[in-house]
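# Results of the structural survey
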Amino acid sequence: MAILLIAEHDNAALKSATLSTVTAATQIGGDIDLLIVGSGCSAVADSAASVPGIRKVLVADHAAYDHEIAENVAALIKEIAGEYSHILSPATTNGKNFMPRVAALLDVGQISEIISVESADTFQRPIYAGNAVATVQSLDDVKVITVRGTSFDPAATEGGSASVETLEQVSDTGLSRLVSEELAQSDRPELTTAKVIVAGGRGMGDKAHFEMLDTLADKLGAAVGATRAAVDAGFVANDYQIGQTGKVVAPELYIGVGLSGAIQHLAGMKDSKVIVAINKDEDAPIFQVADYGLVADLFDAVPELEKSL
Amino acid sequence: MKVLVTVKRVIDYNVKVRVKPDNTDVDLKNVKMAVNPFCEIAVEEAVRLKEAGKATEVVVVSMGAQNAQEQLRTALAMGADRAILVQSDEVLESLTVAKVLAKIVEEEQPGLVIMGKQSIDTDNNQTGQMLAALTGMSQGTFISGLEVSDNEAQVVREIDGGLQTLAVKLPAVLTVDLRLNEPRYASLPNIMKAKKKPLETKTPADYGVTVKAHTRLLKVEPPAERQAGIKVASVAELVEKLKNEAKVI
Ligand SMILES: Cc1cc2nc3c(=O)[nH]c(=O)nc-3n(C[C@H](O)[C@H](O)[C@H](O)COP(=O)(O)OP(=O)(O)OC[C@H]3O[C@@H](n4cnc5c(N)ncnc54)[C@H](O)[C@@H]3O)c2cc1C
Ligand SMILES: Cc1cc2nc3c(=O)[nH]c(=O)nc-3n(C[C@H](O)[C@H](O)[C@H](O)COP(=O)(O)OP(=O)(O)OC[C@H]3O[C@@H](n4cnc5c(N)ncnc54)[C@H](O)[C@@H]3O)c2cc1C
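In short, a report on the structure. (Residues numbered from 1 in each chain as written. Chains lettered and ligands numbered in written order. Predicted model: local features only at pLDDT ≥ 70, side-chain atom pairs only at ≥ 80, totals over all residues. Heavy atoms only, no water.)

## Topic: the site of ligand 2
Surrounding ligand 2, one finds 28 residues, the nearest of these being Thr-6, Lys-8, Ser-94, Thr-122 and Thr-127 of chain B. Proximal residues around ligand 2 fall on chains A and B, making this an inter-chain site. For ligand 2, a nitrogen atom lies 2.8 Å from a polar atom in the backbone of Met-63 of chain B. Leu-92 of chain B is positioned such that a nitrogen or oxygen atom in its backbone is 3.5 Å from an oxygen atom of ligand 2. Surface burial for ligand 2 is 94%, taken as the share of its 930 Å² of free accessible area covered by protein chains. Among the secondary structure elements, those contributing two or more residues to the shell around ligand 2 are strand E7 (122-127) of chain A together with strand E6 (57-64), helix H3 (94-108), strand E8 (112-116) and strand E14 (215-221) of chain B. Ranked by residue count, the leading element in the shell around ligand 2 is E6 of chain B, at 3 residues. (Near = heavy atom within 4 Å. Polar contact = N/O pair within 3.5 Å; in protein donor to acceptor, adjacent residues only side chain to side chain. Areas by Shrake-Rupley, 256 points an atom, 1.4 Å probe, with all protein chains shown as cover. Helix = DSSP H or I, 4+ residues; strand = E, 2+ residues; numbered from the N terminus.)

## Description of empty space enclosed by the protein
By rolling a water-sized probe across the atoms, one finds the places where empty space is left. Per the stated rule, a full pass over the model turns up 3 cavities of 30 Å³ or more. In this model, the largest cavity occupies a volume close to 170 Å³. Taken together, 15 residues line the largest cavity, and the ones lying closest to its centre are Glu-113, Arg-148 and Gln-244 of chain A together with Gln-118 and Asp-123 of chain B. When its residues are assigned to classes, the lining of the largest cavity shows 4 nonpolar, 6 polar and 5 charged. Size it by volume and the second largest cavity reaches roughly 50 Å³. If you go around the second largest cavity, the residues you meet are His-67, Glu-68, Ile-69, Ala-70, Glu-71, Asn-97 and Ser-176 of chain A together with Gln-139, Arg-157, Gln-164 and Leu-166 of chain B. Broken down by secondary-structure element, the contributors of at least two residues to the lining of the second largest cavity are helix H3 (70-80) of chain A together with strand E11 (162-169) of chain B. (1 Å grid on protein atoms, 1.4 Å probe; cavity = no way out; pocket = protein on both sides within 12 Å on 5 of 7 lines; lining within 4 Å. Points joined across faces, edges and corners; volume = space filled by probe spheres on them. Nonpolar A, V, L, I, M, F, W, Y, C, P; charged D, E, K, R; others polar.)

## So, the pairing of strand E5 (residues 110-114) of chain A
One face of the sheet, then the other: side chains in a regular strand alternate in exactly this way. Residues and elements named next belong to chain A. Along E5, 5 of the 5 residues are buried, which leaves the element largely enclosed by surrounding structure. Two strands pair when backbone bridges link them, and E5 and strand E9 (residues 143-147) are joined in this way by 3 bridges, in the parallel orientation. Note on E9: the bridge partner recorded for Gln-110 is Val-144. (Buried < 20%, exposed > 50% of the residue type's maximum accessible area, 1.4 Å probe, protein only. Pairing = 2+ DSSP bridges.)

## A look at the nonpolar core
Side chains that are nonpolar tend, in soluble globular proteins, to be buried together. Counting residues in each nonpolar core, the largest one holds 51 residues, and the members touching the most others are Leu-4, Ile-6, Leu-35, Ile-77 and Ile-87 of chain A together with Leu-131 of chain B. Considering each element in turn, this core owes the most residues, 8 residues, to H3 of chain B. Sequence-distant contacts of Leu-4 of chain A, defined by excluding residues within four places in its chain, comprise Asp-33, Leu-35, Leu-58, Ile-77, Ile-80, Tyr-84, His-86, Ile-87 and Leu-88 of chain A. Core analysis: the second largest hydrophobic core is formed by 43 residues, Leu-85, Ile-114, Ile-143 and Leu-174 of chain B among them. (Core = buried A, V, L, I, M, F, W, Y, C linked by side-chain atoms within 4.5 Å. Contact = heavy atoms within 4.5 Å.)

## Examining the site of ligand 1
As a structural note, the neighbourhood of ligand 1 is formed by 30 residues, with Arg-202, Thr-227, Ile-242, Ser-260 and Asn-279 of chain A the closest of them. At the site occupied by ligand 1, the surrounding residues belong to chains A and B. Note that an oxygen atom of ligand 1 is positioned 2.6 Å from one of the side-chain N or O atoms of Ser-260 of chain A. Interatomic distance of 2.9 Å between a side-chain N/O atom of His-265 of chain A and an oxygen atom of ligand 1. Out of a free accessible area of 980 Å², ligand 1 has 85% covered by protein chains. Mapped onto the shell around ligand 1, the elements with two or more residues apiece are helix H7 (228-232), helix H8 (263-266) and helix H9 (298-307) of chain A together with helix H1 (37-51) of chain B. Per-class residue counts for the shell around ligand 1 are 12 nonpolar, 13 polar and 5 charged.

As structure tokens, this is what we get:
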């Protein structure tokens, strides 16, 4: 068995989601080759080579793969898929974009967003917004899988000595091109890897009041997240959204403020270790999953909490 | 330009699904079914393209049991022109759905296929990308903005780090995110009118596609329940608990 793992990276280093996917690959078993694809991504190879358990690092560095354009990346992966028994990628928006395309090109199904490895062909994945967990067995020769990062501990980054190989072939379909990108700039930790998260909902009232959470987050070294309602209302940008259709998070401490705890939101945060809820409605569903619930007006409680830290 | 839209019949998003006691599946008996919310947004976008004079016809497709007709009628009432039901009582995996859609694309030659980014039942997020692969079309996934010109579409994509704008060549497959638009409610006269709009029923075999299983569902279980927590009376008590009991700050 050999596994091809498509890395998520930022042209400088591997993202933590990749390291979690390495752990999932190790549980499946077999040789693991790591593909680094992008434009200007060669620098990632060295640090990737030192991840223990990797046999080979493959580098495809070309303008055609800039921003991991799905049509081109999928065409490349199809070409090198060869004898691999498994193709894995983190379930990031990149992986979700190109992996199903890879699966269809190989005429196989995809198992989306696994949360556990039962055996080399059997996996668990959440369905119905996390209200059920399905155990599914793949019947395909090649198993195309995306992996939920928060469900696997990140692999170590030192101690390995993989060889590095540069791929010369270029797959350029010419179907799509990047026009622009508006990326969030923040000094705070990333939501998906943060140890502490402060999340706000519609109850924050407006954009200016939402900023109260920034101050609280800074005190805690936390990332800031939000519900869909808060994003839709324009309090914060889309990359803050936690839930079934946003990001999945599992911090040590999650503090939910002025949010009700809709199932679609819970789908993205209920694996947090400790959940705190601040809501003025004592019947808010969030209290059913909260370890510590405080029934209070957030406009009193948040400033007081911030001061007492 | 013709626009093809897909709608999937799924459990209503307000219903909390329960797992069957024998752990074979979830229990969908007597639960309220609806159009997958993402597909509703896809239909709305297609109808808006027609209203703006950019699309000439909106064709809506669903695959599944006979009663998926209800969801097709909803789409027709929102403004789609005609519907195709590809009827099958078997489990239709994403790749099978994509293969049938690829045949429909071949027949209908749409300029755009607009789909939901994911179904809220199986949360797979894959059918659109698979269709794009099978037809060699470009793909714009998870979109929250769309601008259509002569031979390309500019799409704004919601990605992990923020927003990304791509220009994709037409014909293209687009999968929509929640913030693309707010779907309309069908008016009563439009619901009546929709009953007379054409709805054609086909089978996967009509398109030369055999329904194949790529996965076997072994077990469905409820997720691990969280232990019920406590209510604290004050901010001071909360801080004390977080420090000394949970030890997370
Ligand atoms: C297909 C689909 C996908 C979805 N995906 C997601 C998703 O990924 N993520 C997501 O979050 N949602 C998602 N949703 C939306 C979800 O169903 C809820 O609508 C949303 O999570 C509600 O956000 P909220 O809790 O901020 O708002 P509300 O439900 O309106 O809750 C606001 C809460 O704030 C409290 N409050 C108000 N004022 C105060 C105050 N002064 N002090 C203290 N408390 C106060 C209220 O008591 C209330 O409980 C999705 C919905 C659909 C249909
Ligand atoms: C409990 C359970 C677990 C399952 N687990 C798996 C699994 O792990 N892997 C697997 O491959 N299958 C699984 N299946 C089968 C599953 O039903 C199909 O894979 C699925 O219905 C196909 O669509 P999707 O949910 O993947 O679509 P997605 O890719 O999530 O949907 C994207 C969009 O595609 C369109 N679309 C999808 N299906 C249709 C349709 N039938 N008609 C019209 N439009 C459609 C819609 O616009 C939708 O918004 C499972 C089924 C059950 C009941």
